Amino acid sequence: MNLGIEGRRAIVCGASRGLGRAVAESLAEAGVNLVLNARGLEGIEQAADEIRKKHGVKVDTLAGDLTTEEGCNRMADAFPSIDILINNAGGPPAGDWRSFEREDWRTAADRNMIGPIFLIRNYLDGMVDQGFGRIVNITSIVVKQPKAVLSLSVAARLGLTGAVKAIAPSVACNNVTINNLLPELFDTDRLRQNLTTIGKKNGRTLEEEMAEHLKNSPAKRLGRPEELGATCAFLCSEHAGFITGQSILLDGGFYPGLF
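In this report, we go over the structure that sits alongside the text. Keep in mind that this is a model prediction, so the values were computed, not measured.

For helix α6 (residues 189–202), which comprises 14 residues, the first-to-last C-alpha distance of 20 Å matches the rise-based estimate of 20 Å (1.5 Å per residue) to within 8%. Against the buried residues of α6 lie α7 (206–215). Sitting at the amino-terminal end of α6 is Thr 188, which places a side-chain oxygen 3.2 Å from the backbone nitrogen of Leu 191. Phi turns positive one or two residues past the end of α6, at Gly 203, with a value near 75°.

Encoded structure:
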């Protein structure tokens, strides 16, 4: 399918590996020029080289922490006009909520709520003016199915989800959409880190904890990052202009609820 976004420009956050890298690959395959971001330059430079060679699109890089005011402003100064924004920041650490201090909660909010909101603010009006824009926030299933051990992530990501739902209707008539992807059990380093923490609490190894989670998954397997990448690319396409303000699960049927 021709997604109708060839020649557009996208910022992809957290693009050096995992889900962010998969999204960058899928957008590049559709002919989208990219700005790759991660905290470290080495990882995104390698990703940029590989994507340029494979897909022949223009790929720029900007290393920095976009959850900070300085990082957001640097990105806006370097790339003031874009068509697509992919917010993707790793979640805060797992653990007992009683053990987290105020600074832990503030850091989680900056990373998974405030940072993405300010990136949206930087680019939304420009998208409205040009009559096209696609914003996708990669968050987590915990928005719909909270877990106590991931309480930092639950609180921050729910805040972002609420803000997006409030904002999205105001720009829908300008062909600008804002949506969220909620992955669960995808084969990433982040998943393994979380399951290691959860496994220690339950007295299980990483392999045992992963097997326990997969036992409760109808798909009986981990999600592949490229599956999320392809879904994200479709949400960024010309064909998805009637989908906005939505939180879309990619979980292999793990979530038991109806809504």
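And the narrative resumes.
We now examine the packing of helix α3 (residues 69–78) against helix α4 (residues 102–130). Viewed as axis vectors pointing N to C, α3 and α4 meet at an angle of 25°, and their least axial separation amounts to 10 Å. Considered as vectors, α3 and α4 are oriented roughly parallel to each other. Between α3 and α4 lies a crossing whose hand is right-handed. In this structure, α3 contributes Cys 72, Met 75 and Ala 76 to the contact, and α4 contributes Gly 115, Phe 118, Leu 119, Asn 122 and Tyr 123. Split into classes, the residues belonging to the contact of α3 with α4 amount to 6 nonpolar, 2 polar and no charged.

The subject of this paragraph is the nonpolar core. Counting 35 residues, the largest nonpolar core has Ile 5, Val 12, Leu 27, Leu 34, Leu 36 and Ile 86 as its most contacted members. Breaking this core down by element, the ones donating at least two residues are β1 (9–12), α1 (18–29), β2 (33–38), α2 (41–55), β3 (59–63), β4 (84–88), β5 (133–138) and α8 (225–235). Looking at this core element by element, the count peaks at 5 residues for α1.

The rules behind the values
- Residues numbered from 1 in each chain as written.
- Predicted model: local features only at pLDDT ≥ 70, side-chain atom pairs only at ≥ 80, totals over all residues.
- Heavy atoms only, no water.
- Helix = DSSP H or I, 4+ residues; strand = E, 2+ residues; numbered from the N terminus.
- Expected span 1.5 Å × (residues − 1).
- Contact = heavy atoms within 4.5 Å.
- Polar contact = N/O pair within 3.5 Å; in protein donor to acceptor, adjacent residues only side chain to side chain.
- Axes fitted to C-alpha atoms, helices over the stretch in contact; angles between N-to-C directions.
- Parallel < 35°, antiparallel > 145°, perpendicular 65-115°, else oblique.
- Left-handed = near helix turned anticlockwise from the far one by under 90°.
- Nonpolar A, V, L, I, M, F, W, Y, C, P; charged D, E, K, R; others polar.
- Core = buried A, V, L, I, M, F, W, Y, C linked by side-chain atoms within 4.5 Å.
- Buried < 20%, exposed > 50% of the residue type's maximum accessible area, 1.4 Å probe, protein only.

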